[in-house]
Amino acid sequence: MGETITYASNGGSAEGYLAAPVGGAAGKPGVIVIQEWWGLVPHIENLAERFAQQGYGLALWSATLSDDIVATAGFYPPLPWERMSPQWDRYAGKAAVIHCSEGDGTGAAAGIQQAKTGIEHGGGAVTLYDYPGTEHAFFNDTRPEVYAPEAAQQAWRRTLDLFGDRLS
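Here is a short report on the structure shown in this document. Keep in mind that what you see is a predicted model, and the values were worked out from it rather than measured.

A look at the packing of aromatic side chains
Two numbers describe a pair of aromatic rings. These are the distance of the centres and the angle of the planes.
Line of reasoning, step 1. Counted according to the given criterion, the structure contains six aromatic pairs.
Line of reasoning, step 2. Aromatic side chains Phe 75 and Phe 139 sit 4.5 Å apart centroid to centroid with 35 degrees between the ring planes, which places their arrangement in the tilted category. Here the residue Phe 75 occupies a position in strand 3 (residues 71-75), and Phe 139 occupies one in the loop between strand 5 (125-131) and helix 3 (149-167), the gap between them amounting to 64 residues.
Line of reasoning, step 3. By relative accessible area, Phe 75 is classed as buried at 17%.
Line of reasoning, step 4. Consider the rings of Tyr 76 and Phe 138, whose centres lie 5.3 Å apart with planes at 70 degrees: the pair is edge-to-face. Residue Tyr 76 is located in the loop between strand 3 and strand 4 (95-101), and its partner Phe 138 is located in the loop between strand 5 and helix 3; the two are separated by 62 residues in the primary sequence. Pair check on accessibility: Tyr 76 and Phe 138 agree, each one buried.
Line of reasoning, step 5. Here a set of aromatic residues connected by ring pairs shows up, and it is made of Phe 75, Tyr 76, Tyr 131, Phe 138, Phe 139 and Trp 156.

Points about the environment of Tyr 76
Line of reasoning, step 1. With relative accessibility at 5%, the residue Tyr 76 sits in the buried group.
Line of reasoning, step 2. For the pair Tyr 76 and Phe 139, spaced 63 residues apart in sequence, the C-alpha to C-alpha distance is 9.4 Å.

Analysis parameters
- Residues numbered from 1 in each chain as written.
- Predicted model: local features only at pLDDT ≥ 70, side-chain atom pairs only at ≥ 80, totals over all residues.
- Heavy atoms only, no water.
- Phe/Tyr/Trp six-rings, centres within 6.5 Å; stacked < 30°, edge-to-face > 60°.
- Helix = DSSP H or I, 4+ residues; strand = E, 2+ residues; numbered from the N terminus.
- Buried < 20%, exposed > 50% of the residue type's maximum accessible area, 1.4 Å probe, protein only.

If you want it as structure tokens, here you go:
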């Protein structure tokens, strides 16, 4: 079972949720789960727990900030990347999967294509997965109005496949 932790952030403090694999995290790869705009809600805590259960203890942008982040997974991120100023060249040798909802415009959405192009031009590998009939937040099982169980299970398997390949 994980715990809420407090850490220094932007001259103040912020809270996060730490879930470690059974037996501890020493020597194991970690996974950073960055929440949706709803914040640190039970769905995000559950997701951190699920990754910990798989032996890890994620976000597309994070790999542009650290050489230690080698694989990322993004869920429906059609963002205006300019305001984040990502350094896509830091993706060299790294890999990403992007899970795209139909409601957000699929992998054809401008923000998705911008990330794909940036990652590829930066020397990284990226795979886009479209989930027909889904809406934004289809992976969030606490939002029954948009949750799509089959798509969520498929996205989870694909994410674990990438992490298993790149983080082992």
